[in-house]
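So you can see what is in the structure, the chains are spelled out below.
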Amino acid sequence: MKAGRVTLLALTGAALALSTAAAGDASSRPLPLRPLPALTGQALTARYAAERAAIESAARGTEDPRTSQRLRALAAPGRTFLDFDPRGRAVEVIGDLATARRVAVLVPGADTTPATFDSRGTASPGGGARALYAEAERLSPGARLAVIAWLGYPAPATISPAVLTTGHADQGARALRPLVSWLNARGAGVALLCHSYGTVVCGRAAKDLAATDIAVFGSPGMTVSSAAGLHTRARLWAGRASADWMRYTPNVRVLGVGFGADPVAAGFGARRFAAGDGGHSDYLRPGGAALRNLALIALGRVGDVTR
């Protein structure tokens with residue numbers, strides 16, 4: 001109890017300073033939203049070609065050889081991006097979005113940029129989305145599922161004041177809502193799979209969102225005290241791997257700093273799913289319980305999810 005009071009006092013004392021610093025963070029300034037194309041094969045093909053050209057231009061425009069190489073990899077043949085902005089946005093589609101009956105949107109957390117979109121294997125949006133798609137194909141061959149690796153907002157750095165506040169998450173939520181509405185307009189069932197700070201994004205977007213499922217993993221909190229506070233009709237799932245350091249995060253929210261209750265806590269109201277024994281970056285690792293269960297949620301096979 002004493003440790004809890006000390007944490008609360010420390011957060012209270014730091015709250016105003018952190019909030020002020022985060023407000024002045026240039027990387028949190030909103031990126032303009034772009035209109036989404038028609039959900040047809042022809043319109044998507046044209047959009048993918050335009051985004052490939054934008055990625056190639058960004059790769060040529062940087063003076064850092066490593067960043068240039070990483071960006072060029074995003075423009076490799078066969079890769080299809082729905083959106084790209086070198087300032088903090090990269091949205092890749094895996095599968096046939098025009099004919100998909102189910103769509104999984106993978107929402108990443110802190111320390112993710114277009115230049116690191118692939119750099120950490122399955123802990124990166126690109127690698128994680130490909131692993132998820134492959135697992136879904138293994139579980140349900142021929143299922144009409146598309147996966148979107150959605151870095152649709154400038155994610156905060158882990159070592160920064162912004163990672164303790166919702167500034168970046170609110171910007172992400174404003175971009176995520178129209179994407180889900182766009183997908184839902186043609187009847188696709190949408191599952192949001194949200195990791196780490198990405199769970200804050202999903203929590204801020206959740207109200208009245210037309211998703212069938214929201215699954216959070218490695219979450220620091222969703223800025224509400226219970227699932228009811230999200231005001232969502234979606235099934236809410238929560239999982240945490242046994243070696244994830246996030247379990248040590250104080251689940252408090254003071255003057256806009258911190259993210260509140262733990263979604264995996266028994267009283268929160270989420271459906272728990274087994275997430276295995278990995279660490280914070282291992283949820284989409286092939287062969288793990290978390291990846292299997294997240295793929296089942298993406299497919300809509302919720303009765304097969306292990307608890």
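Just so it is clear, the model here is predicted, and its values are computed rather than measured.

The rules behind these values
Residues numbered from 1 in each chain as written. Predicted model: local features only at pLDDT ≥ 70, side-chain atom pairs only at ≥ 80, totals over all residues. Heavy atoms only, no water. Helix = DSSP H or I, 4+ residues; strand = E, 2+ residues; numbered from the N terminus. Buried < 20%, exposed > 50% of the residue type's maximum accessible area, 1.4 Å probe, protein only. Contact = heavy atoms within 4.5 Å. 1 Å grid on protein atoms, 1.4 Å probe; cavity = no way out; pocket = protein on both sides within 12 Å on 5 of 7 lines; lining within 4 Å. Points joined across faces, edges and corners; volume = space filled by probe spheres on them. Nonpolar A, V, L, I, M, F, W, Y, C, P; charged D, E, K, R; others polar. Phe/Tyr/Trp six-rings, centres within 6.5 Å; stacked < 30°, edge-to-face > 60°. UniProt positions renumbered as here; feature names shortened; annotations may be inferred. Disulfide = S-S within 2.5 Å. Axes fitted to C-alpha atoms, helices over the stretch in contact; angles between N-to-C directions. Parallel < 35°, antiparallel > 145°, perpendicular 65-115°, else oblique. Expected span 1.5 Å × (residues − 1). Arc of directions from axis to C-beta.

**Observations concerning the environment of Arg253**
Next, step 1: Tracing the sequence through the fold places Arg253 in the loop between strand 7 (235-239) and strand 8 (271-272).
Next, step 2: Note on Arg253: relative accessible area 34%, which makes it partly exposed.
Next, step 3: When the C-alpha atoms of Arg253 and Leu164 are compared, they prove to be 9.5 Å apart, with 89 residues separating the residues in sequence.
Next, step 4: Contact partners of Arg253, with chain neighbours within four places excluded, come to Thr166, Arg204, Thr223, Gly258, Phe259 and Gly260.

**A closer look at the layout of surface pockets**
Next, step 1: Taken as a whole, the largest pocket holds about 630 Å³ of empty space.
Next, step 2: In terms of lining, the largest pocket is formed by 34 residues, of which the most central are Ser196, Tyr197, Trp245, Met246 and His280.
Next, step 3: Approximately 190 Å³ is the volume found for the second largest pocket.
Next, step 4: Together, Leu33, Arg34, Leu36, Leu82, Asp83, Arg89, Val91, Trp150, Gly152, Ala175, Pro178 and Leu179 line the second largest pocket.
Next, step 5: For the lining of the second largest pocket, the per-class residue count stands at eight nonpolar, one polar and three charged.

**Some words on the packing of aromatic side chains**
The description of an aromatic ring pair uses the distance of the two centres, along with the angle that the planes make with each other.
Next, step 1: Counted by the stated rule, this structure contains four aromatic pairs.
Next, step 2: Each ring, one from Trp150 and one from Tyr153, has its centre 6.1 Å from the other, and the planes form 20°; the classification is stacked.
Next, step 3: Look at Trp150 and you get buried, because its relative accessible area is 3%.
Next, step 4: Note on Tyr153: relative accessible area 0%, which makes it buried.
Next, step 5: An angle of 55° between the planes, with centres 5.2 Å apart, marks the rings of Phe217 and Tyr283 as tilted. With Phe217 in strand 6 (residues 213-217) and Tyr283 in the loop between strand 8 and helix 7 (289-299), the pair connects residues that are 66 residues apart, well separated along the chain.
Next, step 6: Relative accessible area serves as the criterion here: at 1%, Phe217 is assigned to the buried category.

**Quick notes on the UniProt feature "domain: DUF1023" (unreviewed entry) in the protein chain**
Next, step 1: The UniProt record annotates "domain: DUF1023" (unreviewed entry) at residues 86-253.
Next, step 2: Span residues 86-253 is 25% helix and 21% strand, its end C-alpha atoms 32 Å apart.

**Describing the state of the cysteines**
Working definition: the covalent bond between the sulfur atoms of two cysteines is a disulfide.
Next, step 1: Evaluated as defined, the whole model comprises one disulfide.
Next, step 2: Note that Cys194 is cross-linked by a disulfide to Cys202, the S-S spacing being 2.1 Å. In this structure the cystine formed by Cys194 and Cys202 twists about its S-S bond by roughly -90°; its chirality is therefore left-handed.
Next, step 3: The class for Cys194 is buried, based on a relative accessible area of 0%.

**Some remarks on the packing of helix 4 (residues 125-139) against helix 7**
Next, step 1: Relative to each other, helix 4 and helix 7 sit at 75°, their axes nearing to 9 Å. By the angle between their axes, helix 4 is roughly perpendicular relative to helix 7. Between helix 4, through Ala131, Leu132, Glu135, Ala136 and Leu139, and helix 7, the contact on the second element is made entirely by Leu291, Arg292, Leu294, Ala295, Leu296 and Leu299.
Next, step 2: Along the lines of polarity and charge, the residues of the contact of helix 4 with helix 7 split into nine nonpolar, no polar and two charged.

**Section: unusual backbone geometry**
Backbone geometry follows two general trends: most residues other than glycine have a negative phi, and most peptide bonds adopt the trans configuration.
Next, step 1: Residues other than glycine seldom take positive phi values, yet Asp208 does so here, at roughly 60°.
Next, step 2: Mapping Asp208 onto the fold places it in the loop between helix 6 (197-205) and strand 6.
Next, step 3: With phi around 70°, Thr223 is a residue other than glycine that occupies positive phi space.
Next, step 4: Examined against the element boundaries, Thr223 turns out to sit in the loop between strand 6 and strand 7.

**Considerations on helix 2 (residues 41-61)**
Next, step 1: Spanning 21 residues, helix 2 covers 30 Å between terminal C-alpha atoms, matching the ideal 30 Å at 1.5 Å per step.
Next, step 2: Considered for burial, the residues of helix 2 that qualify are Leu44, Arg47, Tyr48, Glu51, Ile55, Ala58 and Ala59. Buried positions in helix 2, seen along its axis, are confined to an arc of 115° and lie on one side of it. Of the residues in helix 2, the exposed ones pointing more than 90 degrees away from the buried face are Gln42, Thr45, Arg60 and Gly61.
Next, step 3: On the buried face of helix 2, the contacting elements are helix 3 (65-74), strand 1 (80-85), strand 2 (89-94) and helix 5 (167-184).

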